[in-house]
Amino acid sequence: MNLRAADPDIAESIATESRRQREVLEMIPSENYASKAVREAVGSVLTNKYSEGYANKRYYQGNRYVDEIEKIAIERAKKLFGVPHANVQPYSGSPANAAVYFALLQAGDTIMGLKLSGGGHLTHGHPDVTFSGKYFRSVQYDVEADGIIDIEKVAELARKEKPKIIVVGTTAYPRIFDWEKWKNIADSVDAFLLADISHIAGLIVGGVHPSPVPFADVIMTTTHKTLRGPRGAMLLITDQGLAKDPDMATKIDRAVFPGLQGGPHDNVTAAIAVCLHEAAQPAFKHYAKQVVNNAKVLADTLLEQGLTLSTGGTDNHLMVVDLRPQKVIGNIVAEALEAANIVVNRNSVPHDLNPPFYPSGIRLGTPAITTRGMKEKEMKTIGEWIVSVIHEVSHYRLPESKEEWGTFLKKIRLDMENNPQLQSVAHSVTLLTKKFPVP
Ligand code: DSN
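Residues numbered from 1 in each chain as written. Predicted model: local features only at pLDDT ≥ 70, side-chain atom pairs only at ≥ 80, totals over all residues. Heavy atoms only, no water.

Student: I'd like a rundown of the sheet that holds strand β14 (residues 345-347), residues and numbers included.
Tutor: Spatially, the four strands line up as an open sheet ordered β11-β12-β15-β14, and their pairing is antiparallel. Of all strands in the sheet, those with a lone pairing partner are β11 (308-309) and β14, marking the two edges. Across the face of the sheet, helix α13 (residues 282-304) comes into contact with β11, β12 (318-322) and β15 (361-365) while running at roughly 15 degrees to β12. Relative to β15, helix α14 (residues 330-339) is tilted by about 45 degrees, and along the sheet it contacts β14 and β15. (Pairing = 2+ DSSP bridges. Helix = DSSP H or I, 4+ residues; strand = E, 2+ residues; numbered from the N terminus. Contact = heavy atoms within 4.5 Å. Axes fitted to C-alpha atoms, helices over the stretch in contact; angles between N-to-C directions.)

Student: I'd like a rundown of the packing of helix α16 (residues 376-393) against helix α18 (residues 420-434), residues and numbers included.
Tutor: Relative orientation of the contacting elements α16 and α18 amounts to 165 degrees, with a least axis distance of 10 Å. On the basis of their axis angle, the class for α16 and α18 is roughly antiparallel. As for the relative orientation of α16 and α18, their crossing is left-handed in sense. Where α16 approaches α18, its residues E378, I382, W385, S388, V389, E392 and V393 are matched on the opposing element by Q421, L422, V425, S428, V429 and L432. For the contact of α16 with α18, the class distribution of residues is eight nonpolar, three polar and two charged. (Parallel < 35°, antiparallel > 145°, perpendicular 65-115°, else oblique. Left-handed = near helix turned anticlockwise from the far one by under 90°. Nonpolar A, V, L, I, M, F, W, Y, C, P; charged D, E, K, R; others polar.)

Student: I'd like a description of the environment of A34, backed by residues and values.
Tutor: By secondary structure assignment, the location of A34 is in the loop between β1 (25-26) and α3 (36-42). Looking at A34, the relative accessible area reads 17%, which means it is buried. Along the chain, A34 and G306 lie 272 residues apart, while their C-alpha atoms are 34 Å from each other. Not counting residues within four places of it along the chain, the set of residues in contact with A34 comprises R39, R228, G229 and P439. (Buried < 20%, exposed > 50% of the residue type's maximum accessible area, 1.4 Å probe, protein only.)

Student: Tell me about the packing of aromatic side chains, and please be specific about residues and values.
Tutor: All told, the structure shown has twelve aromatic pairs when counted by the stated rule. Centroid distance Y101 to F136: 5.7 Å. Interplanar angle 65 degrees. Geometry classified as edge-to-face. Here Y101, found in helix α5 (residues 93-104), pairs with F136, found in the loop between α6 (131-134) and β6 (137-141); they are 35 residues apart in sequence, far enough to count as distant. The exposure class assigned to F136 is buried, which follows from its relative accessible area of 12%. A connected cluster of aromatic rings, assembled from ring pairs, spans Y141, Y173, F177, W179 and W182. Note that R228 overlies the ring of Y287, its terminal NZ or CZ placed 4.0 Å from the centroid. Its end group placed over the ring of F357, R346 keeps NZ or CZ at 4.5 Å from the ring centre. (Phe/Tyr/Trp six-rings, centres within 6.5 Å; stacked < 30°, edge-to-face > 60°. Lys NZ or Arg CZ within 6 Å of the ring centre and 35° of its normal.)

Student: Got a sec to walk through α14? Specific residues and values, please.
Tutor: For α14, the buried fraction is high: seven of the ten residues fall into the buried class. For α14, every residue scored as buried is listed here: G330, N331, I332, V333, A334, A336 and L337. In this fold, the buried residues of α14 make contact with β13 (342-343), β14, β15, α16, α17 (405-417) and α18. Backbone geometry just downstream of α14 places N341 in the positive-phi region, at approximately 70 degrees.

Student: Can you tell me about the packing of α14 against α16, naming the residues and giving the values?
Tutor: For the pair α14 and α16, the least separation of the axes is 9 Å and the interaxial angle reads 120 degrees. In terms of axis orientation, α14 runs oblique to α16. Our pair here, α14 against α16, has a crossing hand that is right-handed. Note on element contacts: α16 touches α14 through I386, V389, I390 and V393, opposite I332, V333, A336 and L337.

Here it is as structure tokens:
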């Protein structure tokens, strides 16, 4: 029985979500459109199988074909990134980072990562609310007021705090990393260097961002962002990591299973193998280059029209618009853009005084719209639409008391849906997206 016959409600929700994905401009920089081949692997019979363990060392029978698939995924990952060891089983980025800490640290050891408001990630040592800040001692570096990381300050903090691991990697940082400088800092305090390249893995593979492979000890990436695969993650161990700790690969594998996870999601493993195959094709290099070119044109358009971007622009696939000069919060603009069929996420800006739920910026990126084939010309048009939407809603002023913000935002949502200017942009977006099919 197919899905529509078995469960019409869920079938209908998926169909409407699929229409939404076709009709809007998906500009959340961590999102993308996986190929049909990737989605076919995710939806395959592999979801039926249990495979605790690793190839040729499983705890269950019947894993001959799963072994083949996992070995192919591992070999492709090793070849694509140029590393001696890969683990393709982590369920996603947070469990993968947890596995690194579990493998290489003891509870109470010091983690040093970038603050969330500076563009880091919760699992990079965010205090209080995450395991990485609760079970380890967390010290965090930050960006400067212009949004840029001052590497000298990072070095100074490392010398003072002597972390056991330094995490470099971001979710909202639009600039390139000089990995060698990070390695020098880590080596100077005898720390491991973890590169979390989740956002930029596709750009690295495509040759438009430097690779951390010669410098980091261990690399974590999710597989569904610029890499354009299924939702999952991989851990890559470098020669440098193995030189520091010859048991690192075994420790990482044991931390993933049985340390933190049960059976791998074999359907996702197969889809990772497919996405790595796709990323190894020449066309992927063109894609990655276009993602960055598109982001540059989009950023320039926003800047020309008077918006403020954190760090003053972008070198990669994303940008953070600082809305403090417009005196609106990210929630208002993100809602308005959604009413105009442009989907972004609200985001903290450097040194944001607002809480993460009501931050002062929005984050947007080009990976998904580039997958649809959009180029520089479309970026200029989209940039102009975004600016017009921001102007349309920047008169909204929040109530004095933060307690009333939630109710206020709910109330103005209806205004936005009925706003003729936003409706007109939404219509233009629909006409544009029709010309650029999704995979
Ligand atoms: N949720 C991801 C992002 O949007 O960047 C990070 O995990």
